[in-house]
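Listed here are the chains, written in short residue letters.
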Amino acid sequence: MTYGRFSADGREYLVTNVATPSPWINYLCNGRYFATISGNGGGISYFRSPLHGRVTRYRINDVPPDRPGKYIYVRDADSGAIWTLTWQPVGRDVGAYRTAHGFGYSRAEAAVEGIASSVLFFVPLDDDREIWRATLRNTSGRRRRLSAFGYVEFALGHALVDLINQCDDQHFNRVRFDPALNSLFATKTYWVTETRGTQHQENKEWDRWAFFTVNRPAAAFETRRERFLGPYRNEANPLAVEAGRLSSRETDFGNAVGALQVDLELEAGQSEELIFSLGVIAKQDFEAAKAGLVRKYQDPAEVETAFGKVKASWDAYLSFTRAETPDPDVNVFLNGWSPYQAKVAFDVGRVASFYYWGIGRGFGYRDTAQDAIAVVIADPGKARDRIGLLARQMRRDGKVYHHFYGDGQGEFTRHCDDPLWFLLAVTEVVKETGDFSLLDRDEPFLDGPPGSILDHLFAVFEFARGNSGRHGLPVFGRGDWNDTLDYIGGEDGGESVWGGMFTAAMLDRLADLLQAAGRPERRTEVIELRDRLRRAVETHCWDGEWYIRAFGEGDRRIGSRENAAGKIFINTQSWAVIAGLPDRARLVQALDSAAKHLDSAFGPKICAPAFREIDPKIGLITRCVGGKKENGAVFCHPAAWLIQAECLLGRGERAFHYYRTLLPNRVDSDLFVAEPYVYSQYITSDEHESPGRASHSWQTGSAAWMYRVAYDFILGIRPAYEGLMIDPVVPASWKRFRAERVFRGTRYFIEVENPGGVESGIASIEVDGRPMEGNIVPPSDKPECRVRVVLGRRLS
């Protein structure tokens, strides 16, 4: 089935069949107030934290799915007919509905019962609220009497307590209606700030009031779910809407909701606008601020101005890179949807989606570090702030929280890779900005006095130096990037071959940073450890055709041809190249082996063959069904590193083959299931009987890496300390492409020609019409710079 397509300019995804295989969602957020919205109105809302600041409920894995949400019901007073402005939850006339997801907004349109409608959802840039702007137009040719009902189900504070202690938690809900302000206000008189379920009573209340208001007089209101839905009913057939009248009763217990009824009379051809606002107010400011806040955005012109600012903000953010390649699908993703998804992941931090409750984990350290690499191009200030946040999660011994909550709470684990991602984030920010003063910025350690960012970098170095096993590789502990290799070390810890490669790559970055910053004091130590790791990998880890993945308990080799399952893993082939291992013949063979054993119709698999038997000496990967997640799925995140590795070897055809295969809109949606406009964490591989299904969309590092790998290594435009490096690696069929890239305040217009049909290599570069030696364009003090590149023989 065909469910939708990109708009002609690629800036919206138009859902023409709203009965999508799963809820296809979008994110509406401004960095403080967050909301998700599906094409059918489902989604959650929260302030800052989906755990501690949950405004509304959303039931993951519910039946039916995607409930509850942000709903506007309509009832015809004469016929009693009921529908919603989104297809769900009432579910009438599926062909009458359309949805569009754009950058920072979603829109639903319908034509039901002679009423044409549109509802726009967005979060203003500078207000802790969401706006639902609805338009109803009478196309029936006769006068209509209608009632519209805006509806949300409240959570009010700590989402985990709301979930697991509902029988008691409901006694603290308070919802009241203020007739002078035409608004509902809801709060909870009990609140906890622990990150897990606890019996500890903190003796405090939620620090917010939620409000729900509308720009026309409310004829009635409702505050309790039981009265709105009625017994043995759900959102598809609420009793109060069928009856046409809400109770107008406040509540001090029960399942709290907000429902506002507006009665309308529409002449033939007449239109009316309804503007619902849902948001939060700090209790300390409540009495002074509430009137001004709830009366804001009552005027459609004010709403239009706020919406225009949202669109302008995203236009500005997405303008920092632009590509015009021979492939239209590539252009759509590179010019909008990949950087958009990466920014959403940066802001949200993996904690809330259609798949994640937002209650079971905090921000992942490695996730948080990697998200910075995409944002730094357009918003270096936010990337610098992210460096500070990461530094504050570190002890003086270099160990970091595996997950953290930003309030001093977190969890230490024995992962061998977590601290090293700090080096990636810092070096990318400094390369992009040229701002070496970042290294002198002071940030506290978790367990002692503050130190500079450089002190934090060297704390990570000491962690790496002290975490060495019998082969000179990092002790595996309870995982590396692959969290499901969590018991591979047994009692003696084992060793991560990928961890050795990754650490060598990050130390190489640190050595380059110290050189560029003029801080050579400890650079020799860094280089010595880097080279020692490279030698250890080359000495102990080559398996004849590829590199093994790990040493398990008692020197057991994992990811070896001697294994029945998990013979080859993707990461130790790609990172052998990224880490700069010296034997090119081995690197070529390793990537050829990855292509031979891991590539599939849906992209390269994370490992193969999949594990079919549980092995407690390896861990969770062997307990997962074959072909899904880390057990042999097509994992999009490490696939990006394979693309990078192919580019580093100058092999454009294969690099682009992988990139093109993994575009989310390439697979039929009935098979793919997840949204076709954003990357998912993984795609079920041919190791499973039902390949092609994607899962865990939106909140994945895949977007950041696919965005950066495409620009940095396929288009070949990437930052260096000395300037902007130009090194395209493309399919031979590409005869030309254009790109724009803002770098240190200058917009570079880059035209690349490929008359000889090569995959890599540069014959000549001109900068503003003048020939240039080498392939690093020095920083410019001009607002614009034009670069012309001809591919051919690679420069020495």
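That block above? That's the structure.
In this convention, every chain numbers its residues from 1, walking through the sequence in written order. Totals for whole chains, interfaces and linings use all residues, but because this is a predicted model, local features are given only for residues with pLDDT of at least 70 and pairs of side-chain atoms are given and counted only at 80 or more. To get the side-chain values, all heavy atoms of the structure are used, and hydrogens and water are removed first.

Undergrad: Explain a nonpolar patch on the surface here, please?
TA: Patch definition: residues with relative accessible area over 30% and no salt bridge; like charges joined within 9 Å; nonpolar side chains (Val, Leu, Ile, Met, Phe, Trp, Tyr) joined within 5 Å. For the area figures, the Shrake-Rupley method with a 1.4 Å probe applies, and any residue is considered shielded solely by the protein chains shown. What counts as a salt bridge is simple: a side-chain nitrogen of Lys or Arg found within 4 Å of a carboxyl oxygen of Asp or Glu. Taken together, the side chains of L163, I164 and W357 define a hydrophobic patch exposed on the protein surface, amounting to about 270 Å² of accessible area. Relative to the helices and strands, L163 is located in helix α1 (residues 159–164). Here a strand is any run of E in DSSP of at least two residues, a helix any run of H or I of at least four, and the numbering for each starts at the N terminus.

Undergrad: It is not clear to me how the packing of helix α16 (residues 636–648) against helix α19 (residues 702–714) should be interpreted in this structure. Could you clarify?
TA: Axes are the key here: two packed helices are described by the angle between their axes and the distance separating the axes. Whenever a helix is involved, its axis is fitted only over the stretch in contact; in every case the axis is a line through C-alpha atoms, and angles between N-to-C directions fall within 0 to 180 degrees. Running from amino to carboxyl end, α16 crosses α19 at an angle of 10 degrees, the nearest separation of the two axes being 8 Å. In terms of orientation, α16 lies roughly parallel with respect to α19. Taking contact as the criterion, the partners of C636, H637, A639, A640, W641, I643, Q644, C647 and L648 in α16 are, on α19, S702, W705, M706, V709, F713 and I714. Of the residues that constitute the contact of α16 with α19, the class distribution is 12 nonpolar, three polar and no charged. Any angle from 65 to 115 degrees is called roughly perpendicular, while one under 35 is roughly parallel, one over 145 is roughly antiparallel, and all others are oblique. Contacts are residue-level and defined by heavy atoms, with any inter-residue pair within 4.5 Å sufficient. Each residue gets one label: Ala, Val, Leu, Ile, Met, Phe, Trp, Tyr, Cys and Pro are nonpolar, Asp, Glu, Lys and Arg are charged, and the others, such as Gly, are polar.

Undergrad: Looking at this model, I keep getting lost on the sheet that holds strand β26 (residues 495–496). Mind explaining?
TA: Paired through their backbone hydrogen bonds, the strands of a sheet run either parallel or antiparallel. Taken together, the three strands give an open sheet; going across it, the order is β26-β27-β28, and neighbouring strands pair in antiparallel fashion. This sheet does not close on itself; its edge strands, each paired only once, are β26 and β28 (557–558). For β26 and strand β27 (residues 550–551), the ladder comprises two bridges, and the chain directions are antiparallel. Bridged to E495 within β27 is F551. Only strands that DSSP links by at least two bridges are regarded as paired with each other.

Undergrad: How do you make sense of the packing of aromatic side chains when you look at a structure like this?
TA: Working definition: an aromatic ring pair is given by the centre-to-centre distance plus the angle between the planes. Working definition: a ring pair exists when centres of Phe, Tyr or Trp rings (six-membered ring for Trp) sit within 6.5 Å. Plane angles under 30 degrees give stacked, over 60 give edge-to-face, the rest tilted. Across all of its chains, the model carries 54 aromatic pairs by this definition. Taken together, a centroid distance of 4.8 Å and an interplanar angle of 55 degrees make the contact between F103 and W337 tilted. Here the residue F103 occupies a position in the loop between β9 (97–102) and β10 (105–112), and W337 occupies one in helix α7 (residues 328–348), the gap between them amounting to 234 residues. When sorted by exposure, F103 lands in the same class as W337, which is buried. Residues Y707 and Y711 carry aromatic rings whose centres are separated by 5.4 Å and whose planes lie at 80 degrees to one another, so their mutual orientation is edge-to-face. In this pair, Y707 and Y711 both sit in helix α19, four residues apart, roughly one turn of the helix. Here the term buried applies to any residue with accessible area under 20% of the maximum for its type, exposed to any over 50%, and partly exposed to those in between, with areas from a 1.4 Å probe on protein chains only.

Undergrad: I keep staring at the side chain of R386 and nothing clicks. Help me out?
TA: You can see R386 is positioned in helix α9 (residues 380–391). Residues scored as charged are limited to Lys and Arg (positive) and Asp and Glu (negative), so that His and the chain ends carry no count. Within the buried core, R386 has no salt-bridge partner, and the shortest N-O distance to an opposite charge, that of D371, equals 4.6 Å. Dropping the residues within four chain positions of it, R386 is found in contact with F346, T368, D371 and A372.

Undergrad: Explain the sheet that holds strand β34 (residues 717–720) here, please?
TA: On the basis of which strands lie adjacent, the open sheet formed by three strands has the order β34-β35-β40 and antiparallel pairing. Among the strands making up the open sheet, the edge pair consists of β34 and β40 (776–777). In the sheet, β34 pairs with strand β35 (residues 723–726) via four bridges, with the strands oriented antiparallel. For R718, the partnering residue across the bridge sits in β35 and is M725.

Undergrad: Would you mind going over helix α11 (residues 453–466) with me for this structure?
TA: Count 3.6 residues to each turn of an α-helix, and residues three or four apart come out pointing the same way. Taking 1.5 Å of rise per residue, the 14 residues of α11 would be expected to cover 20 Å, and the 20 Å separating its terminal C-alpha atoms lies within 8% of that figure. Buried residues dominate α11, accounting for 10 of its 14 residues. Three or more residues of α11 are buried, namely I453, L454, H456, L457, F458, A459, V460, F461, F463 and A464. For a helix, the expected span equals 1.5 Å multiplied by the residue count minus one.

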